[in-house]
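Residues per chain are reported as follows:
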Amino acid sequence: QQPAADAGDWPTAGKDPGLTRFSSLAQINAGNVAQLKLALHFPTGNDRGHEAAPIIADNTMLVVTPFPNVVYAFDLAKPGFPLKWTYDPKPERSSQGVACCDTVNRGGAYADGRFFLNTLDNNTIALDVKTGKELWRTKLGEIKDGQTLTMAPQVAKGKVIVGNSGGELGVRGWLTALDAATGRIVWRAYATGPDKDVLIGPNFKPFYAADRGTDLGVKTWPGEGWKIGGGTAWGFVSYDPEQDLLYYGTSNPGPWNPDQRPGDNKYTSGIFARRPDTGEAVWYYQTSPHDLHDYDGVNESVLVDLDWQGTRRKVLLHPDRNGYLYVMDRTTGQVLAATPYGYTTTSSGVDLQTGALRYNPAKTPRTGETTRSICPGSPGAKDWQPSAWSPRTKLLYIPHQNLCQDAITYEVSYIAGTPFVGVDLKLYPGPGGNRGLFTAWDPVNQRKAWQIDEKFPVWSGALVTAGDVVFYGTMDGYFKAVDARNGHLLWQFKGESGIIGQPVTFRGPDGQQYVAVLAGVGGWAGAIVSGGLDPRDATAGGGFVNAMRDLPSATRKGGHLYVFSLNGAAK
Ligand SMILES: O=C(O)c1cc(C(=O)O)c2c(n1)C(=O)C(=O)c1cc(C(=O)O)[nH]c1-2
């Protein structure tokens, strides 16, 4: 939506502040993409899930690995893209023990000659892109409390925006802004607790009555439950310079067992709009009040302008884990539409008058009981894997999954730095049996334009270009290019490991268009391979192992950077 400074670069994970993941480059198009050739293959030597978006700026490609979060900088101005420098942040090893879902990292962000990254052990670091020299490092949290950092930072108005992880360990969630020049913490906004901690003041104007009130971050919890109540901010953050608002989602409340936390559990599992200068909250909308199934609210909000029922509206598109594709007025937080884009048994719709999600009472987990056919399961209709928007086709390209689950719920005690869940899951394929879907969604007409079935969950990001080509990867290792208009497969490449990374495209100094993606299976969905989990234990890996028993025979672990172009290797 907002044009990037240089269309040939890819400065932040979402490409532009609105997270469209759309590139205006069109050298590679639907007619010639079948001729793509490998231009660079770089094994990272790291066996964990590779979720990062390569970042392109200053003729440099910057890649962050999973723990130990090594940064590789490639010189795009030289033939063959040789390494320019590497940087090892040497994070504390114990951080691996508290990461919920593999030891992933979703990549860094570039601004003004600097590269910003988060390490699993809770540091945000700034590097000089020319030299790889560390400029500053700020510690933001404690491993012993169960905190980690996995998200890709955003940069807005000279600030680096970072959110924590640890919603499965009773971590109290926050979003923090650091001064990009010095690393000083400018503000921190908690998701739970009194208004002063949540940075709620006189300018907080939620659209729906259910989200209005004083100190709801305390009053919607039993006792002091808000102190260990989750609401982390581990997803992508979007920024609208015109509205001067940041948008991001908060994670699930802790523990998962809903009987232990009666109330709405504000401000978890919802979307915040905040001012980047002060962190002050402007609106909030709770997608899943009193979240019953770990649906979170962290999925990306893509900022687009739409012709909506006769008027031009500034909206955000938010494909939530709870199964609904929300079209919201991003200036007010009003829900204009909430349409299921996956199979759902846990609710029967969203009331557009009150904003309330209509839960199906038959699917409410109760302590001591087993609840069956919870659809979507806890990873939701879509997890963290980000969608892409094309202003040409006016479609949102959503990589996602089709999974249901049975859940056994029990009482859990809080012990700092250990799982605070109280639910054992067993995930399995949803209707049709295919575990993955790639959906092109038309938000104006609130329907699918086309859809591709995939065997495994589609756990990679999506990329769309002005050449009307959409790219995504599969967990069994295919990197695919499909026609943005109809989903027809145009090209595919089989990589050495399953793909859960975020594909990007850029123009090299030689004028050629390149496409880059990381392979390296893992994350929550691929933990059976990257973590070597035992397929006989159905509840292993948070219950995901049960749905992925055939993944180890379809791919193997290992990180690889692949770069493609029409003419092959960079000259
Ligand atoms: O609540 C949290 O703090 C938190 C953190 C993370 C993470 O940091 O990776 C995930 C989740 N929750 C989560 O619910 C989830 O489904 C998930 C999947 C993945 C992944 O990388 O595959 N991470 C996470």
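Located above this text is the structure these notes cover.
The structure contained in this document is the topic of the report that follows. (Residues numbered from 1 in each chain as written. Predicted model: local features only at pLDDT ≥ 70, side-chain atom pairs only at ≥ 80, totals over all residues. Heavy atoms only, no water.)

Some points on the sheet that holds strand 30 (residues 436-442)
Inference 1: On the basis of which strands lie adjacent, the open sheet formed by four strands has the order 26-27-30-31 and antiparallel pairing. Bordering the open sheet on either side are strand 26 (388-390) and strand 31 (447-454), each of which pairs with just one other strand. Taken over all neighbouring pairs, the strand axes of this sheet differ in orientation by 20° on average, direction set aside.
Inference 2: Relative to strand 31, strand 30 is paired through seven bridges, and the arrangement is antiparallel. Opposite Ala-440, over in strand 31, you have Trp-450 as the bridge partner. (Pairing = 2+ DSSP bridges. Helix = DSSP H or I, 4+ residues; strand = E, 2+ residues; numbered from the N terminus. Axes fitted to C-alpha atoms, helices over the stretch in contact; angles between N-to-C directions.)

Brief notes about the nonpolar core
If you look at soluble globular proteins, the nonpolar side chains tend to sit buried side by side.
Inference 1: Of all hydrophobic cores here, the largest spans 84 residues; its most connected members are Met-61 and Phe-471.
Inference 2: Considering each element in turn, this core owes the most residues, six residues, to strand 37 (residues 513-519).
Inference 3: If sequence neighbours within four positions are ignored, Met-61 has contacts with Leu-40, Pro-54, Ile-55, Ile-56, Tyr-72, Ala-73, Phe-74, Leu-76, Phe-506, Ala-516, Leu-561 and Val-563.
Inference 4: Judged by nonpolar contacts, the second largest core, of 33 residues, contains Ala-111, Trp-174, Phe-272 and Tyr-284. (Core = buried A, V, L, I, M, F, W, Y, C linked by side-chain atoms within 4.5 Å. Buried < 20%, exposed > 50% of the residue type's maximum accessible area, 1.4 Å probe, protein only. Contact = heavy atoms within 4.5 Å.)

A short note on the site of the ligand
Inference 1: The environment of the ligand is formed by 21 residues, the closest being Glu-51, Thr-150, Ser-165, Thr-232 and Asp-383.
Inference 2: For the ligand, an oxygen atom lies 2.7 Å from a polar atom in the backbone of Gly-166.
Inference 3: Considering only residue class, the shell around the ligand consists of seven nonpolar, eight polar and six charged. (Near = heavy atom within 4 Å. Polar contact = N/O pair within 3.5 Å; in protein donor to acceptor, adjacent residues only side chain to side chain. Nonpolar A, V, L, I, M, F, W, Y, C, P; charged D, E, K, R; others polar.)

Section: the pairing of strand 23 (residues 347-350)
Inference 1: Sheet topology places strand 23 next to strand 24 (residues 357-359); two bridges connect them, and they run antiparallel. The partner of Val-350 across the bridge, within strand 24, is Leu-357.
Inference 2: In textbook terms, the turn of a hairpin is the stretch between consecutive antiparallel strands, and for strand 23 and strand 24 this stretch comprises six residues, one of which, Gly-355, has a positive phi near 80°.

Scope: geometric values only; no functional claims are made or implied.
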